[in-house]
Every structure is written in structure tokens, then in C-alpha cells.
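Results of the structural survey
Chain residues, written in single-letter form:
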Amino acid sequence: MDRFIRTTVEKHLPVNAHFDLTYRCNERCIHCYLDHEDYGEMTTAEVRSVLDQLAEAGTLFLAFSGGEIFLRKDLFELLAYARKLHFDISLKTNALLVNEERAAQLRTLGVRRVQISIYSSDPAVHDAITQVPGSLARSLDAIPLLRRQGLQVKLACPLMRQNLLGYREVMNLAETLGVPYVLDLTITPMMNGDRGTLALRNRGKELLAVLTDAKLNTHSTAGCNEGGRTAGTGSLGSTTSSGLEGEQTYEDIPCSAGHNSVYISPYGDVFPCVQLVMPASNLRRHSFADIWYGSGAMRRVRAVREHQLPDCAKCSIRSYCERCPGLAVMEGGDLLGAYERACELAELHARLAGIANPISAFHVRIRQAARGIASSRLTVTDRQSA
């Protein structure tokens, strides 16, 4: 797999596409980064045209997401068309609208995997997050329907202040159901830049129980996420990003975004990744090939190398860091920059690994600058006193 990924990066082949068919949703999750209004989704014909272009460009893995994908009345038509183009298809959904008939249709159409968002095993907690009474029961009811059809099911659980204490129960629930799960430590700003959702994020020290849990391998340098990933039934990782991953595969490249992975919005906007909100162009104006190979945004992302990052390249605890270029832009305002959240968690990971008094290069620079300012103020005060 690593050899395959390396080849796709070298040749800039968009083998992995994350395609949000709609931002509309029948839940109103408090941490969601999307605006759920419909500002003009692509039509069935437009989506089919995009799928044709992706197939021609070499896309193999296609994740349909949202919003809630089952709100698209043409979903099954689009799935059938995508399968004719031989995509390997996975879905991300809350599963509220999945019934026995729809589960059977998904199997007939060759969908491989369905990821379902579950925030807690406690209905009061889960339903408070989705703001839809009864939503946990409805999501859980869909799982045996899908599994009986032979579909792979995976539970996805972003951890925030509201559900952190119940993470173990989510793990137990997944194991009882016989399905894998992913716990995500990442709560991101909204795509429009609103940072209000960050108030839901757990502080680093509050995550100690998760990061030291014997069932979870808490450190890996693969992929774009805050916690690392593990093989097997459960992992810490990203519930939103759909990038391809492999240990040490990307070497001097920060992540897969814009190299072999792409994100497409319901309105035809093309981004390197759903978390890297740097619009390359729009498919209603330009072809996918022109955007993928020719846009300035894509070229800029592809040009970035780890050794160019001013703070991170010289950081003594870089190997403990899960820096995400997208969050660097959204939270730090700099594609090449470090940002507070990544450094906080890197220092925590390093401390748990036995490193004495770990400090990121970003924090070293900030402290040195603060000391320099303080020293300058003292000098001015001394002169005034004299």
C-alpha cells in the first residue's frame, strides 16, 4: 500500500475523493463545521459530470458525505452511476433515514462501508449533541440492518466536553455490536471561519485518560489527526478527513491533501481537503483536470515540504506532533505555521513518552519573544528612572 500511495503522490493522481453531496442535515450537531442552508447544490446531471471527470482523472476511492446524504432524493441514482464507473464507495451518515429497503439497495449497488456518527451510548448525551430527540435509537437501529446486508459499518465519535467522559462506553458499544470505531479528538472551526465551535474542544490535560488508554495506540505520525491511528477494532483518528494514509509514506510532505486526495463541496467548490479550506476553483466554471493540475491553490499546497516549516522543521518534539495543514490555516492563519493546539498535544504526547519538560519550537520562540519584550520594557523604565 505504501508503494501505491507513493506512486500516486509522485504523479499527483487524485485517487481519493471526499465528495459532500449536500450540507443539508436532519440533525443540528452542536460541533458541526457546516452551514446547513442550501445555496444551490449541484444537480444530478452536474454531479454525474463530476463523477465522470473524477473517473477520467484516476480516482478509485470515493466517499460520499454531507450534511446528511440520504436527504438527496437522487442518492441511489448517483450511487448506481458511481458504481458503473467502478469507484470503491463508502458513505458517511447519521443513518436516521436508513431502513431495511435502503440497506438492501446499498448492498445491491455495491457500497462497501458506511460510517455512522455516534456521540454517546447514553441517549441523553447523544441526543443533546444532535439536538434531535430519539436520534441515538434510530442511528443504532440502522446498524444491524446494514450488517445483515454484508456492509461494513464503522462508528465515528468526535470527542468534546459534552461526551468525553463516556468515550469508554462508546468503545464498549462498538465491541458489543461487533463493529470498528474511531474516536476523534479534533473539533474544528466552521468552514466559514467561525471559531465558536472551539469552545466545545477538550483541553489537552482533559484528554489524558484517552491518550493513556491501553486499548488505544495513542501515537502515530500517519495521517491528519490529533491522536494517531491504530489498526484493529478501534483507533484515535479523524472522522472527517478521508485521506489515504501509510506509515512514513509521505516523508517530507505534510499530508495527502492536494497530492492524491481532494475534497468537493455540494456547490462544486474544490479544495485540497475538507479541513484545508483553500478553494482551488469551482467545477461549474472549470474542469476538474484544469483545477487539479493547474490551480494556484493546488500548486501552493503541493509545494510545501516539512523541512520548509519555520518552527516545525527545527522542533525537538516534531515526531510527537499531529500537525494538520488545514488547522494551521484555520487556527494559525499560516499554511507553513505552527498552531497552539498541535503544540499543546505534541508536548502532552512527548511527556507521556517520558520526555522531560518537552516544549515545541513554536512555544520556545513565543517565550523568547516575550522575554525580549519584557527586557526592552525594563530597559526603558531604567532609563526613565535615571
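Given the structure is predicted, the values throughout are model-derived calculations rather than measurements.

**With respect to unusual backbone geometry**
Note the cis peptide between glycine 66 and glycine 67, where omega equals 25°. Turning to its location among the elements, glycine 67 is positioned in the loop between strand 2 (61–65) and helix 3 (75–84). One non-glycine residue with positive phi stands out, namely histidine 12, at about 55°. Within the secondary structure layout, histidine 12 lies in the loop between helix 1 (2–11) and strand 1 (16–20).

**Regarding the nonpolar core**
Ranked by size, the top nonpolar core spans 68 residues in total, and within it Phe19, Leu51, Phe64, Leu79, Leu106 and Leu183 carry the most contacts. Of all the elements, helix 3 adds the most residues to this core, at six residues. With sequence-adjacent residues up to four places away left out, leucine 183 is seen in contact with Cys157, Leu159, Tyr167, Val170, Met171, Leu216, Ser235, Leu236 and Gly237. Tyr33, Val304, Leu309 and Cys312 belong to the second-largest nonpolar core, a separate cluster that totals 28 residues.

**Considering the pairing of strand 3 (residues 88–93)**
A regular strand carries its side chains on alternate faces of the sheet. The buried fraction of strand 3 amounts to five of the six residues, a majority that puts the element mostly inside the structure. In terms of strand pairing, strand 2 meets strand 3 through four bridges, oriented parallel. Among the inter-strand pairings, alanine 63 is bridged to a residue of strand 3, identified as serine 90. For strand 3 and strand 4 (residues 113–117), the ladder comprises four bridges, and the chain directions are parallel. Residue pairing in the sheet places serine 90 in a bridge with arginine 113 of strand 4. The parallel pair strand 3 and strand 4, bridged by helix 4 (residues 100–108), forms a crossover whose chirality is right-handed.

**Topic: the pattern of salt bridges**
For the structure shown, the criterion picks out 13 salt bridges. With a shortest N-O distance of 3.5 Å, glutamate 41 and arginine 72 are connected by a salt bridge. Taken as a pair, glutamate 41 in the loop between strand 1 and helix 2 (44–57) and arginine 72 in the loop between strand 2 and helix 3 lie far apart in primary sequence, 31 residues in all. Within this structure, Arg24, Glu41, Arg72 and Asp74 form a network of salt bridges that share partners.

**Topic: the packing of aromatic side chains**
For the structure shown, the criterion picks out six aromatic pairs. Plain terms: the ring middles of phenylalanine 19 and phenylalanine 64 are 5.9 Å apart, the flat faces sit at 55° to each other, and that makes the pair tilted. Taken together, the positions of phenylalanine 19 in strand 1 and phenylalanine 64 in strand 2 put the pair 45 residues apart, joining distant regions of the chain. A residue is classified by how much of its surface remains accessible, and phenylalanine 19, at 0% relative accessible area, is buried. For phenylalanine 64, a relative accessible area of 0% corresponds to the buried category.

**Quick look at the confidence of the model for the chain**
On average, residues of the chain score 91 in pLDDT, and 90% of them reach the 70 mark or higher. Note that residues 218–223 has pLDDT below 50 and, in this model, 27 contacts with residues that lie over four places away or in other chains. Note on residues 225–232: pLDDT is under 50 here. Beyond four places in sequence and across chains, it has 34 contacts.

**Description of the packing of helix 2 against helix 3**
Between helix 2 and helix 3, the shortest axis-to-axis distance is 10 Å and the interhelical angle comes to 20°. The orientation of helix 2 with respect to helix 3, classified from their angle, is roughly parallel. Taken as a pair, helix 2 and helix 3 cross one another with a handedness that is right-handed. Residues Thr44, Val47, Arg48, Leu51 and Asp52 of helix 2 touch helix 3, and the partners they reach there are Glu77, Leu78, Tyr81 and Ala82. Per-class residue counts for the contact of helix 2 with helix 3 are five nonpolar, one polar and three charged.

**Topic: the sheet that holds strand 6 (residues 181–184)**
The strand order 7-6-5-4-3-2-1-8-9-10 describes an open sheet built from 10 strands, whose pairing is mixed. Both edges of this open sheet fall to strand 7 (234–236) and strand 10 (281–282), since each of them pairs with a single strand only. Against the sheet, helix 2 touches strand 1, strand 2 and strand 8 (261–264), its axis set at about 170° to strand 1. The strands that helix 6 (residues 135–148) touches are strand 4 and strand 5 (152–158); relative to strand 4, the one it contacts most, it runs at about 170°.

**Examining helix 7 (residues 167–177)**
Of all the positions in helix 7, only Tyr167, Val170, Met171, Leu173 and Ala174 are classed as buried. Projected down its long axis, helix 7 shows its buried positions confined to an angular sector of 160°, all on one face. Among the residues trailing helix 7, glycine 178 stands out with phi positive, at a value near 75°.

**Focus on helix 4**
A distance of 3.2 Å separates the backbone nitrogen of glutamate 101 from a side-chain oxygen at the start of helix 4, and that oxygen is part of asparagine 99. Looking one or two residues beyond helix 4, the residue adopting positive phi is glycine 110, at roughly 85°.

Thresholds applied
Residues numbered from 1 in each chain as written. Predicted model: local features only at pLDDT ≥ 70, side-chain atom pairs only at ≥ 80, totals over all residues. Heavy atoms only, no water. Helix = DSSP H or I, 4+ residues; strand = E, 2+ residues; numbered from the N terminus. Core = buried A, V, L, I, M, F, W, Y, C linked by side-chain atoms within 4.5 Å. Buried < 20%, exposed > 50% of the residue type's maximum accessible area, 1.4 Å probe, protein only. Contact = heavy atoms within 4.5 Å. Pairing = 2+ DSSP bridges. Right-handed = clockwise from strand over helix to strand, strands pointing away. Salt bridge = Lys/Arg side-chain N within 4 Å of Asp/Glu carboxyl O. Phe/Tyr/Trp six-rings, centres within 6.5 Å; stacked < 30°, edge-to-face > 60°. pLDDT = per-residue confidence, 0-100. Axes fitted to C-alpha atoms, helices over the stretch in contact; angles between N-to-C directions. Parallel < 35°, antiparallel > 145°, perpendicular 65-115°, else oblique. Left-handed = near helix turned anticlockwise from the far one by under 90°. Nonpolar A, V, L, I, M, F, W, Y, C, P; charged D, E, K, R; others polar. Arc of directions from axis to C-beta. Polar contact = N/O pair within 3.5 Å; in protein donor to acceptor, adjacent residues only side chain to side chain.

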